[in-house]
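Chain residues, written in single-letter form:
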Amino acid sequence: HALVKQFGWAYGSDRGPNDEIIDLVRNGASITLEPGGQLELSGAPLHNVHQTCAEFSQHYDELQAISGPMSLAWMAAGHHPWATRDEIHWMPKGRYQVMRAYLPTRGGRALDMMLRTCTVQANFDYASEAQCGQRFRLANAMAPVLTAIFANSPYLEGRSAGVASVRSQVWLDVDPDRCGVPRFAFEGF
């Protein structure tokens, strides 16, 4: 409620089964609760990375203004460092219940992905089919490098996992239809 009262966010139309508020909207952006209670800022469509940085910085400042007086801190981590899967409560969203039943049939770490991972995602527009293909190949080729650069999840359930990115390990066992590099991405190159 504080984001609405203090910073001009509005309640979105998405609700839980008992009319719980699970999204906020403002100027083309939204804040949603992900399956394990993670906050997700879905930014507005912007023209450049500088605008994106300003939008995220404003979001973080707003969260800090609200949570600081309550002695709460935000953590940038790709995977929850200490909680077990069973210790995390599911958010009351209908589609999460569907995903909760379906995804474990597709991969052993699918529920970890839903409940214990976080990320920053980027979406890129394209002007033509050829440019889309180029950007798709580049993004797939850069994935290992970006995973290494931004690895920030070395702990699993309170102990060192022996890797820099538990998050990337989770995604290797989620759903082969949703994950990995499609074979066609590099055909002819």
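Caption draft 1: Region of interest: the side chain of aspartate 112. With respect to the helices, strands and loops of the structure, aspartate 112 is situated in helix α4 (residues 110-116). Given the relative accessible area of 2%, aspartate 112 is considered buried. Side chain to side chain, aspartate 112 and arginine 109 meet in a polar contact 3.1 Å long.

Caption draft 2: Broad picture of the pairing of strand β4 (residues 39-42). Where strand β3 (residues 29-33) lies against β4, four bridges are found, and the strand directions are antiparallel. Counterpart to leucine 33 in the pairing with β4 is leucine 39.

Caption draft 3: Structural detail: the pattern of salt bridges. Tallied over the full model, the rule gives seven salt bridges. The shortest N-O distance in the salt bridge between arginine 85 and aspartate 112 comes to 3.1 Å. With arginine 85 in the loop between α2 (49-67) and α3 (94-102) and aspartate 112 in helix α4, the pair connects residues that are 27 residues apart, well separated along the chain. One salt bridge connects aspartate 112 with arginine 116, and the closest N-O pair in it is separated by 2.7 Å.

Caption draft 4: Quick look at the sheet that holds strand β1 (residues 10-11). Across the sheet, four strands lie side by side as β1-β2-β3-β4; this open sheet has antiparallel pairing. Every other strand in the sheet has two partners, leaving β1 and β4 as the edge strands with one partner each. Across the sheet, α2 lies against β2 (23-26), β3 and β4, angled at about 145° from β4, the strand it touches most.

Caption draft 5: Geometry of the environment of glycine 162. With respect to the secondary-structure elements, glycine 162 resides in the loop between β6 (159-160) and α6 (166-171). Classification of glycine 162 as exposed rests on a relative accessible area of 66%. C-alpha of glycine 162 to C-alpha of aspartate 14: the two residues are 148 residues apart in sequence and 39 Å apart in space.

Caption draft 6: Focus on the confidence of the model for the protein chain. For the protein chain, the average pLDDT comes to 91, and 99% of its residues sit at 70 or higher. Put simply, α3 is where the protein chain has its lowest mean pLDDT, 90, and β6 is where it has its highest, 97.

Caption draft 7: Spotlight on α2. Here α2 is 19 residues long and its end C-alpha atoms lie 27 Å apart, about the 27 Å a rise of 1.5 Å per residue gives. Within the span of α2, buried status applies to Glu55, His59, Glu62, Leu63, Ile66 and Ser67. Take α2 and look down its axis: the buried residues cluster within an arc of 120°, on one side only. Projecting away from the buried face of α2 at angles above 90 degrees are the exposed residues Val49 and His50. Residue asparagine 48 occupies the N-cap position of α2, its side-chain oxygen lying 3.0 Å from the main-chain nitrogen of histidine 50.

Caption draft 8: Region of the structure containing the packing of aromatic side chains. Per the stated rule, a full pass over the model turns up one aromatic pair. Consider the rings of phenylalanine 136 and phenylalanine 184, whose centres lie 5.9 Å apart with planes at 10°: the pair is stacked. With phenylalanine 136 in helix α5 (residues 129-149) and phenylalanine 184 in the segment after α6, this pair connects stretches of sequence that are 48 residues apart. For phenylalanine 136, a relative accessible area of 32% puts it in the partly exposed group.

About the criteria used
- Residues numbered from 1 in each chain as written.
- Predicted model: local features only at pLDDT ≥ 70, side-chain atom pairs only at ≥ 80, totals over all residues.
- Heavy atoms only, no water.
- Helix = DSSP H or I, 4+ residues; strand = E, 2+ residues; numbered from the N terminus.
- Buried < 20%, exposed > 50% of the residue type's maximum accessible area, 1.4 Å probe, protein only.
- Polar contact = N/O pair within 3.5 Å; in protein donor to acceptor, adjacent residues only side chain to side chain.
- Pairing = 2+ DSSP bridges.
- Salt bridge = Lys/Arg side-chain N within 4 Å of Asp/Glu carboxyl O.
- Contact = heavy atoms within 4.5 Å.
- Axes fitted to C-alpha atoms, helices over the stretch in contact; angles between N-to-C directions.
- pLDDT = per-residue confidence, 0-100.
- Expected span 1.5 Å × (residues − 1).
- Arc of directions from axis to C-beta.
- Phe/Tyr/Trp six-rings, centres within 6.5 Å; stacked < 30°, edge-to-face > 60°.

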